[in-house]
Amino acid sequence: MPLLSIVLPSYNEEQNIGNTVRVLAQVLSKAQIDYELLFISDGSRDGTYAQIEKAAQEDPRVKGVEFSRNFGKEASIFAGLRLASGNAVVVMDCDLQHPPEMLPQMWKLWQEGYEVVEGIKKDRGKESLGHKLSAGLFYRVMSRLMKMDMTASSDYKLLDRKVVDVLVSLPEKNTFFRALTFWAGFRTTSVEYEVKERLYGESKWSTWSLMKYAVSNVTSFSTLPLQFVTFLGVVSILFSIVLGIQTLAKYLSGTAVEGFTTVILLILIIGGFLMVSLGIIGHYLARIYEEVKGRPKYIISKATENLHPVEERTVTRQ
Ligand code: UDP
Ligand code: MG
């Protein structure tokens with residue numbers, strides 16, 4: 001019988017674990033799906049991992065690991081993909097904002113031969129206006145870059161084993177899971193779902209972390225910002241040609257002393273362009289530096305007993 005692995009990134013979610021295990025067990029056993037739950041505690045500072053261990057003792061289908069510190073949701077997702085042993089793998093939030101009732105439908109589509117089932121948000125749930133606007137801008141940019149409509153995409157997806165194997169074999173450290181499945185291709189379909197309210201706890205995202213996330217995702221998929229530097233250069237050259245001619249003309253006609261304002265403005269404009277350009281180049285340089293260092297995406301510090309060892313895993317059991 002095929003196995004479904006469900007990867008659940010969890011960061012400070014102690015209140016959610018037990019409930020999520022119960023709800024998923026209900027939905028999946030009703031649909032007669034063989035499953036395992038893989039909780040990835042992302043360096044939680046509360047009792048999340050203790051809850052995972054407790055659940056694992058009660059039910060061998062529940063497995064989990066703890067990171068040595070907070071590595072971010074992307075890292076949790078990839079750790080989960082690596083540790084999953086199912087024929088199909090679903091990634092979903094452990095706060096149940098991704099409705100588990102969709103699972104049987106996604107599973108059915110997989111059995112029909114689809115290799116990627118994308119969860120598409122019908123609406124974005126409750127969010128502040130600023131959040132909505134910036135998310136809108138970010139997804140428009142990403143959709144342009146990916147040449148695919150990503151505006152309603154989410155991390156809630158089902159992937160076939162083949163796709164999981166492709167994703168975990170990617171050498172890059174700076175990943176953007178949501179877009180990578182689009183990039184990978186395969187036979188894809190989608191299901192629509194409504195984002196639910198979080199039951200316990202609060203969202204882990206601050207405006208600042210979302211901004212960092214957006215910039216890092218755009219630059220991990222595109223070098224277009226670097227071309228922006230060239231664009232600034234061309235604009236400056238056009239400017240300088242016009243001003244150069246004007247200056248020469250003034251010089252030749254003997255009225256060249258004035259123009260201090262122009263000089264100040266030019267210094268300011270060009271200085272600004274240069275600094276922006278250096279910043280963009282510096283950002284990419286930093287990204288290259290991070291990739292070249294080749295540090296692992298995450299470090300696992302603990303794992304539940306029932307988790308089968310995977311070569312790359314570095315577990316230090318107490
Ligand atoms: N998460 C994580 N690491 C982090 C932040 C969040 O693994 O550094 C998990 C979190 O536990 C949750 C999911 O990612 O299961 C989505 O996070 P959250 O609910 O805070 O985001 P939102 O639903 O508000 O987008
Ligand atoms: Mg959430």
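The mixed open sheet is built from eight strands, whose spatial order is 7-5-6-4-1-2-3-8. Whereas interior strands pair on both sides, the edge strands pair on one side only; in this sheet they are strand 7 (188–193) and strand 8 (300–303). For this sheet, the mean angle separating the axes of adjacent strands, direction not counted, is 20 degrees. Summarising the sheet, strand 1 (residues 3–10) and strand 4 (residues 88–91) pair through four bridges and their orientation is parallel. Within strand 4, the position partnered with Ile-6 by the bridge is Val-90. Contacts from helix 6 (residues 161–168) reach strand 4, strand 5 (116–121) and strand 6 (153–160), with the element oriented near 115 degrees to strand 6.

Attention shifts here to the pattern of salt bridges. When charged atoms on two side chains of opposite charge get close, those side chains can pair. A full pass over the atoms with the stated rule returns ten salt bridges. Ionic pairing is found between Arg-61 and Asp-59, a salt bridge with its closest N-O pair at 3.2 Å. Where Lys-108 meets Glu-112, a salt bridge forms, and the shortest distance between an N and an O atom there is 3.7 Å. Residue Glu-112 is classed as partly exposed on the basis of its relative accessible area of 46%.

A separate point is the confidence of the model for the chain. Summarising the model, the chain shows a mean pLDDT of 84, and 94% of its residues fall at 70 or more. For the chain, per-element mean pLDDT is lowest for helix 5 (residues 129–146), which scores 76, and highest for strand 4, which scores 95. Here residues 311–318 is a poorly scored stretch, pLDDT under 50, and it has 16 contacts once near neighbours within four places are set aside; other chains count.

Viewed as axis vectors pointing N to C, helix 3 (residues 73–83) and helix 6 meet at an angle of 125 degrees, and their least axial separation amounts to 10 Å. In this view, helix 3 runs oblique relative to helix 6, as classed from their interaxial angle. Crossing geometry of helix 3 relative to helix 6 is assigned as left-handed. In contact with Phe-78, Leu-81 and Arg-82 of helix 3, helix 6 contributes Val-164, Leu-167 and Val-168. Classifying every residue of the contact of helix 3 with helix 6 by side-chain character gives five nonpolar, no polar and one charged.

In this section: the site of ligand 1. Taken together, 17 residues are adjacent to ligand 1, and Glu-13, Asp-42, Arg-198, Ser-203 and Lys-204 come closest. Here an oxygen atom of ligand 1 and a backbone polar atom of Pro-9 are 2.7 Å apart. Between Asp-42 and ligand 1, the recorded distance is 2.6 Å, taken from a side-chain N or O atom to a nitrogen atom. Put simply, the parts of the chain that give the shell around ligand 1 at least two residues each are strand 1 and helix 3. Residues belonging to the shell around ligand 1 are distributed by class as follows: four nonpolar, six polar and seven charged.

Let's shift gears to the pairing of strand 2 (residues 34–41). Regular strands show a simple pattern: their side chains alternate between the two faces of the sheet. Most of strand 2 sits inside the fold, with seven of its eight residues counted as buried. Relative to strand 2, strand 1 runs parallel, the two sharing eight bridges. From the neighbouring strand, Ile-6 faces strand 2, where its bridge partner is Leu-37. The parallel pair strand 1 and strand 2 is bridged by helix 1 (residues 14–30), and the resulting crossover is right-handed. Note that strand 2 and strand 3 (residues 62–67) share five bridges and pair parallel. The residue bridging Phe-39 from the neighbouring strand is Gly-64, located in strand 3. Running through helix 2 (residues 48–58), the crossover from strand 2 to the neighbouring parallel element strand 3 is right-handed.

The next subject is the coordination of the magnesium ion (ligand 2). Distances from the magnesium ion (ligand 2) to its protein donors, Asp-95 (OD) and Gln-97 (OE1), fall within 1.8 to 2.0 Å. Since its relative accessible area comes to 4%, Asp-95 is described here as buried. Judged by its relative accessible area of 21%, Gln-97 falls in the partly exposed class.

So, about the nonpolar core. Of all hydrophobic cores here, the largest spans 32 residues; its most connected members are Leu-4, Ile-6, Leu-37, Phe-39, Met-92 and Leu-103. The set of elements that each furnish at least two residues to this core consists of strand 1, helix 1, strand 2, helix 2, strand 4, helix 4 (103–111), strand 6 and strand 7. Listed in part, the 28 residues of the second largest apolar core include Ile-77, Ala-79, Leu-83 and Leu-159.

Under the definition given, this model contains six aromatic pairs. With 6.0 Å between their ring centres and 25 degrees between their planes, Phe-228 and Phe-231 make a pair best called stacked. Residue Phe-228 and its partner Phe-231 are located together in helix 9 (residues 224–252), separated by three residues, close to a single helical turn. Under the relative-accessibility criterion, Phe-231 is labelled partly exposed at 48%. Members of the aromatic cluster, joined through ring pairs, are Phe-67, Phe-71 and Tyr-298.

Conventions adopted
- The numbers attached to residues start from 1 for each chain and follow its sequence in the written order.
- Whichever chain is written first is A, and whichever ligand is written first is 1; the rest continue in order.
- Thresholds applied to this predicted model are a pLDDT of at least 70 for local features of residues and 80 or more for the giving and counting of side-chain atom pairs; totals over whole chains, interfaces and linings are not thresholded and use all residues.
- No hydrogens and no water enter the side-chain calculation; it runs on all heavy atoms of the structure.
- For two strands to count as paired, DSSP must find a minimum of two bridges between them.
- Helix and strand labels come from DSSP, where a helix needs a run of H or I of at least four residues and a strand needs a run of E of at least two; each type is numbered from the N terminus.
- All axes here are fitted lines through C-alpha atoms, helices being fitted over the stretch that makes contact, and every angle between N-to-C directions spans 0 to 180 degrees.
- Residue contacts are defined here by distance: any two heavy atoms, one from each residue, within 4.5 Å place the two residues in contact.
- Just to be clear on terms, a salt bridge is a Lys or Arg side-chain nitrogen sitting within 4 Å of an Asp or Glu carboxyl oxygen.
- Whether a residue is buried, partly exposed or exposed follows from its accessible area with a 1.4 Å probe, protein chains only, as a fraction of its type maximum: under 20%, in between, or over 50%, in that order.
- Scored between 0 and 100, pLDDT is the confidence that the predictor attaches to each residue.
- Angle categories are assigned with fixed cut-offs, so that under 35 degrees is roughly parallel, over 145 is roughly antiparallel, 65 to 115 is roughly perpendicular, and the rest are oblique.
- Rotating anticlockwise by less than a right angle from the far helix to the near helix defines a left-handed crossing, while the corresponding clockwise rotation defines a right-handed one.
- Polar here means any residue outside two lists: the nonpolar Ala, Val, Leu, Ile, Met, Phe, Trp, Tyr, Cys and Pro, and the charged Asp, Glu, Lys and Arg; Gly therefore counts as polar.
- Being near a molecule or strand, for a residue, comes down to having at least one heavy atom within 4 Å of it.
- Contacts described as polar in this section are N or O atom pairs within 3.5 Å, which, within protein, must combine one atom able to donate a hydrogen with one able to accept it, while residues neighboring in sequence count only if both atoms come from side chains.
- Whether a crossover is right-handed depends on one test, that the path from the first strand over the helix to the second runs clockwise when the strands point away from the viewer.
- Because water is not among the atoms used, a metal site may look incomplete, as its donors are only the N, O and S atoms within 2.8 Å, or 3.2 Å for Na, K and Ca.
- Think of a nonpolar core as a cluster: buried Ala, Val, Leu, Ile, Met, Phe, Trp, Tyr and Cys residues, connected wherever their side-chain atoms sit within 4.5 Å.
- Note on aromatic contacts: the rings of Phe and Tyr and the six-membered ring of Trp form a pair at centre separations within 6.5 Å, being stacked when their planes are under 30 degrees apart, edge-to-face when over 60 apart, and tilted otherwise.

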